Structures are given as C-alpha cells and as structure tokens.
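# Overview (structure and organization)
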Amino acid sequence: EGSPYTWWVGKANEKHYYWGGSGPGIQKCACGIERNCTDPKYYCNCDADYKQCQVVVGDVDRPGSEAKVSVGPVRCQGDRNYWNAASFVTSSSYLHFSTFQGETSADISFYFKTSASDGVFLENLGNTDFIKLELKSATEVSFSFDVGNGPVEMVVRSPSPLSDDQWHRVTAERNVKQASLQVDQLPLEVRKAPTEGHTRLELYSQLYVGAAGGQRGFLGCIRSLRMNGVTLDLEERAKVTPGVKPGCSGHCTSYGMYCANGGKCVEKYNGYSCDCSKTAYDGPFCIKDVGAFFEEGMWLRYNFHSPGTSMKDLVSRTLLSSADPEITSPDLTLNKEELSFSFSTTKSPCVLLYISSYTQDFMAVLVKPSGNLQIRYSLGGTKEPYNIEIDHRNMANGQPHTVNITRNGRDIVLQLDHYPPTSYSLPAASDIQFNSPKALFLGKVIEIGKIDQDIYKYNTPGFTGCLSRVQFNQIAPLKAALRPTNASSHVHIQGELVESNCGASPLTIPPMSAATDPWHLDSASADFPYNGQAIGDGVNRNSAIIGGVIAVVIFTILCTLVFLIRYMFRHKGTYHTNEAKGAESAESADAAIMNNDPNFTETIDESKKEWLI
C-alpha cells in the first residue's frame, strides 16, 4: 500500500520492486495475482505476518548439533524482450516500423515511464482509418481508433499522476466485438462495437512509436512493446535514430554524484535535476551557499514543533526525512545530531547558535570574549554543562569559518575549517539523549524559562556578522527563512534578514606553534592544510620571496627586449642607393650619369660610329 521495502537491481542499475511471478507496477506477489495467498486480505504471504511463513530447522538441541540456513544468489529468468526499451529525449523524436497488421484484431501492450504530462505513445494511419494510444494528461491515457464508422475514443483516468517517473503498464485491445483499455490495475474500460458497419481496420502508413504528425511526441521511456504477440525491437531501431537512445538506464546512475552536499538526484525524461530541499544549499547542483547578514540585535528562531499540530502531522511532515521524525515532536528524543554552518564576525562575545528543549537540555555554539570558540552541551546527569574549548584560535577575525559537529551517543566529533577533525566524549555521568528539542536560535537566544548564565551574558548586544549553510540534521533554518516553503511557518525573525553568501569558502587561519596547537602534526610531510612559516600579516614568507624573484626576472627580460629592439632599428629612416652623385644639379638623369662616369662618353662615341657593308 505504499513504498516497497525490498528491491533488486537489474543490469542497467535500475531498482525493481517485483519478484518472480509478478511484474512491475502491479504491487502484488504471485499469490496475489493467482488469488491464493494465505490471507486473502493481503497480496503477499509475508504481509500476513503469520508464523507459517518461516523456515524451521529441528534437531539442534543436541550437543554438537547446529543448523545453518543460507540464501543463494538471486536467479533471474523470463523473457529477454521484457526489458527491450528506448528513451525518447526530444518531443520530435520517434521510431518507425512497418505497417501494423491488425485488420480484425489488435492487441497492444507496453510499459512506459515519464515526467512529462502528455505525449503520443504510438500511431498508425490509413486513408481515414487510424489507431492511436497517447498520454492525454498527467492522469489520463487515451485509446482511439476509426474503422470507418467514425472515431472512437476510450480514456482511463488515474487517481494519482502517471507522470511520476515510475513504470506503468498499458494494455489496449480491439476486435470485431469490443475494445478495451487498462492502465496498471485500474478498472478495465470496455466499449462494445456497433452491431452494423465496418469492422476491418485498414492502415497504410508506417507505425510511428513516440510521436504523431503535428502532435507533441512522447518524452520518456517505453519498453516491452508487443503488437499482436510480436515484441518490437526498440533498442536496435533506437541505435540508428536521432533523438532516441536504446535502453532506459536513467541519468542519475551516471551523473548523480554531481548532486553535492546531500542533494538528491531526480530523473528527468532528457536529463536529471538535483533536489536540494533537504540541504542548506541551493542552485542546480546544491553547491550555492544560502546565508544572511545579521545586524546587531537581530535573531532568528526556528520552531521544531508548531502549536496546534497533531502527532500524526508531526511524524508525516515532508519537511524532514522519515528517518528523523523525532526532531519535530515535543515528547521524543535525539540520540545523535549533525550540525554544520559557516560564520564570520569581528565582534565578541556572542551566541552563534542555540538549541533549546522542553526540558533543561540545550546545545550552544558561542564566541567567548577572547574570540575563542566554545561548544556547550547540557543533556542532564551532570551539574555543569560539558564544554569544548577552542582556546588557541581567534575566530572573531572577520574571516569566514566553518563548523561541523557530529554527536552519536557519547561521542562528539568537531571539525573547524579545513583542519583535521577532533574527537571528544561526554562525561560518564552525562545522559546521551537530547530530550524534547524545542527550537533553534541564530544570533540571540529569546527563550522562556531559565537560561545558562554565561549564555545570557553573551546575548547582549548579540551576534553581528554573517551566517550561512546552517543545517541541523534535516533542517536548514536560514534557507527556510530566505526561500519560502512549507517550512517557513516554523520561522520567526526579529529584524531585517539580508541574504549573503558570507564569503563562500572559509579561509584557513595561520596555524599556531607546535607547543600550543593540539592539532600539530609531527611529520613535516604530513597532509596538512597549511605548511610553512606565518608572517605578521598572515602571508607565507616563501611565497613572498618567490614572487619577488619572479618580478626581477620579468623586469630583466623586458629590459633585454627593449635593448634588442633599439639595436635592430638603429638605422630606421635612412637608406643607401646607387644614384649618381650630382644628380641634384643635373638637368636630367642622363646628364647626371655622364657627369659622374667618365667612361660613359667613350661608350656613346662608340655607339655613334657608322659602318658601311
């Protein structure tokens, strides 16, 4: 009646929720289909929870006697064509086959899955006759045809969307007596044929799968298409058809890892998208920070429990994953929590984050007057809260810092910025359950009842700076405030919340000396986010020296180039010719040559001699 608890994975890395003797989308075991389950109220024997459904091995009480039961590898069997599939990735793409021969009888069945709300599954035309199957809307499948007596259309309506990217089965049949249409296990739609008139379906065009002339094509996957008992080879035809891909393995199998920070990959008919709703991030790949700048005195409260909400509503809220319904309920507890956020500030002391409860339990992340960070846990069992002191770092230096805190029972793991995580443990006398969490505060604590004295002092004047990517388990309070959703009703803000990414990536502050730094690594070659000596302004001295050397080299090269250019073009603007001297005062070019070359006269005299032959 809901989501399946068990599945197997096929060759295309696709989850399948049916078992031997059944099929996808049916949600029945073989006994449910054959109507011979142990309890007729259920469609699977295991749902009845009868003691008969068990494996019993006897004779194991004797000394030295034991039994071992093992389950062998899963064995797959069935029709290979059952998973013969094609993916239609554009609305104009289609496959074509030879004309469907269904003059007196047409039996068509196939599976489809899509996230589109409409599209044509298949169509075959004649002069006036035709046959067509299409998804008319997100909840309607249509079977229409004409054998010469006028168009006939049958529609099956589903109470839930068929565009849910899950497999659905369509069975359509037409003969001389009647026509029928069924989708999944919905009631069969039947239409009687007229007693008189035409009975033969005369078709001439090719069979088009995935589109029809002038209509929006199908976007999604079709598999196991059988026409009068013959399975059409969709995969082979798709290999040579643009816009159609063989198989239907899904995009998340190949690209799902690009959904970062806990984002969930969602299949689309021609791609995929990342669902960031359960993360503190935004953007197409869940990598965009969502943060805000807090003015002095501003604060945000996120209520885990809304007044007037019933227990059933609390448990079923879509805001949280089903694995963590307890964090919304005032009478349940937390045995573990995960907290992460980024902040930057120049003022101290202040309250960064505080989680209150309906009891005396609380958790707080504080910046002390010295600028050092403190994590404070009070879960009961001890007189004083358990404090984690980070005394060797000034976190109120205006740089963005990242805090990650994970608690599982008594064990606490803290990671700051890019430094290695450090483990802590609650005292043996401390409880390990966070009882009845009530609200999460950012910037300031405005809570009814007794508040820890130090936290009360840090409340004035409050946090001033930037907070981003705040996430407590499945809750992202800042994102709920800045991106209006159903969760926005849980948020109360004092002041004006201005969105900011707080500098995005945190900067790693210079490390302390080995004597004061508890995270100091003995080995110089160890993998550490910052290696080298720090100078007064936080810049690595080695980098400064290298930069100076590079600048000198570049200056030398430029000077050399200038010298070479000047040398190569030192005679620029002058040139040599063989023009005769005195050419400037000569009356003509010939006169200039004669004046300059004494042999030229003899040459002229020789040329003027005449010869008589």
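Residues numbered from 1 in each chain as written. Predicted model: local features only at pLDDT ≥ 70, side-chain atom pairs only at ≥ 80, totals over all residues. Heavy atoms only, no water.

In the nomenclature of an unreviewed UniProt entry, the chain corresponds to CNTP2 protein from the organism Xiphorhynchus elegans. Per its UniProt entry, the chain bears the Subcellular location (unreviewed entry) comment "Membrane". The heading Sequence similarities (unreviewed entry) in the UniProt record of the chain holds the text "Belongs to the neurexin family." (UniProt positions renumbered as here; feature names shortened; annotations may be inferred.)

## Focus: the overall build of the chain
Along the backbone of the chain there are nine helices and 36 strands. Long-range contacts, defined here as pairs at least 24 residues apart, represent 63% of the contacts in the chain between residues at least 6 apart. As displayed, the chain has an accessible area near 35,700 Å², and 52% of this comes from carbon and sulfur atoms. (Helix = DSSP H or I, 4+ residues; strand = E, 2+ residues; numbered from the N terminus. Contact = heavy atoms within 4.5 Å. Areas by Shrake-Rupley, 256 points an atom, 1.4 Å probe, with all protein chains shown as cover.)

## Side note on the sheet that holds strand β33 (residues 437-442)
Note: strands within a sheet are paired through backbone hydrogen bonds, in either parallel or antiparallel orientation. Pairing is antiparallel across the open sheet formed by seven strands, whose spatial order is β28-β27-β26-β25-β33-β22-β35. Of all strands in the sheet, those with a lone pairing partner are β28 (386-390) and β35 (491-494), marking the two edges. Along the sheet, successive strands turn relative to each other by an average axial angle of 10°, direction set aside. The pairing of strand β26 (residues 362-367) with strand β27 (residues 373-378) spans six bridges and is classified as antiparallel. Of the residues in β27, the one forming a bridge with A364 is R376. (Pairing = 2+ DSSP bridges. Axes fitted to C-alpha atoms, helices over the stretch in contact; angles between N-to-C directions.)

## A closer look at the confidence of the model for the chain
Summarising the model, the chain shows a mean pLDDT of 79, and 78% of its residues fall at 70 or more. Per-residue pLDDT stays below 50 along residues 505-540; that stretch engages in 59 contacts with residues further than four places along the chain or on separate chains. Contacts from residues 599-613, a stretch scored under 50 in pLDDT, to residues over four places away or in other chains number three contacts. (pLDDT = per-residue confidence, 0-100.)

## Overview of the environment of P246
Within the secondary structure, P246 is located in strand β16 (residues 244-246). Placed 13 residues apart in sequence, P246 and D233 show a C-alpha to C-alpha distance of 9.9 Å. Other than its neighbours up to four places away in sequence, P246 contacts A85, E235, A238 and K239.

## Remarks on the pattern of salt bridges
Counted according to the given criterion, the structure contains 13 salt bridges. For R483, the salt bridge is made with D282, and the minimal N-O distance between the two is 2.6 Å. Placement of the pair is R483 in the loop between α6 (477-482) and β35 and D282 in strand β19 (residues 281-282), with a sequence separation of 201 residues. Classification of D282 by relative accessible area gives partly exposed; the value is 22%. A salt bridge links E499 to R483, with the shortest nitrogen-to-oxygen separation between them at 2.9 Å. (Salt bridge = Lys/Arg side-chain N within 4 Å of Asp/Glu carboxyl O. Buried < 20%, exposed > 50% of the residue type's maximum accessible area, 1.4 Å probe, protein only.)

## As for the environment of S378
Along the chain, S378 turns up in strand β27. Between the C-alpha atoms of S378 and Q360, which are 18 residues apart in sequence, the distance is 7.7 Å.

## Here we look at the environment of N335
Mapped onto the fold, N335 is located in the loop between β23 (333-334) and β24 (336-345). Between the C-alpha atom of N335 and that of D431, which follows or precedes it by 96 residues, the distance is 9.7 Å. Excluding its chain neighbours within four sequence positions, the residues that come into contact with N335 are R407, N408, G409, I432 and Q433.

## A look at the nonpolar core
Counting 46 residues, the largest nonpolar core has F294, F341, L373 and I405 as the members making the most contacts within it. Looking at this core, the element that brings in the most residues is strand β25 (residues 350-357), giving four residues. The contacts of F294, once residues within four sequence positions are left out, are W299, L300, L442, F463, T464, G465, L467, L478 and L497. (Core = buried A, V, L, I, M, F, W, Y, C linked by side-chain atoms within 4.5 Å.)

## So, the side chain of H401
Relative to the elements of secondary structure, H401 occurs in strand β29 (residues 401-408). By relative accessible area, which is 0% here, H401 ends up buried. Among the polar contacts listed, one links the side chain of H401 to the backbone oxygen of Q399, at a separation of 3.4 Å. (Polar contact = N/O pair within 3.5 Å; in protein donor to acceptor, adjacent residues only side chain to side chain.)

## Some details on the pairing of β27
When you tally the buried positions in β27, you get six out of six residues, the bulk of the element. Residues L373, I375 and Y377 point to one face of β27 and Q374, R376 and S378 to the other, with burial holding for every one of them. As consecutive antiparallel partners, β26 and β27 are separated by five residues, and within that stretch G371 has a phi angle of approximately 90°, a positive value. Across five bridges, the pairing between β27 and β28 is antiparallel.

## Topic: the sheet that holds β24
Read across the sheet, seven strands follow the order β31-β30-β29-β24-β34-β21-β36 without closing on themselves; strand pairing throughout is antiparallel. In this open sheet, the two strands that pair with only one neighbour each are β31 (422-425) and β36 (498-499). Bridge analysis of β29 against strand β30 (residues 411-416) gives six bridges, and the strand direction is antiparallel. Across the sheet, N408 pairs through a bridge with D411, a residue of β30.

## Examining the pairing of strand β6 (residues 119-125)
Burial analysis of β6 places six of its seven residues in the buried class, the great majority of the element. Relative to strand β7 (residues 130-137), β6 runs antiparallel, the two sharing six bridges. In the strand pairing of β7, L122 is matched with L133. The antiparallel hairpin formed by β6 and β7 contains four residues in its connecting segment. The pairing of β6 with strand β13 (residues 207-209) spans two bridges and is classified as antiparallel. Paired with L122 across the bridge in β13 is V209.

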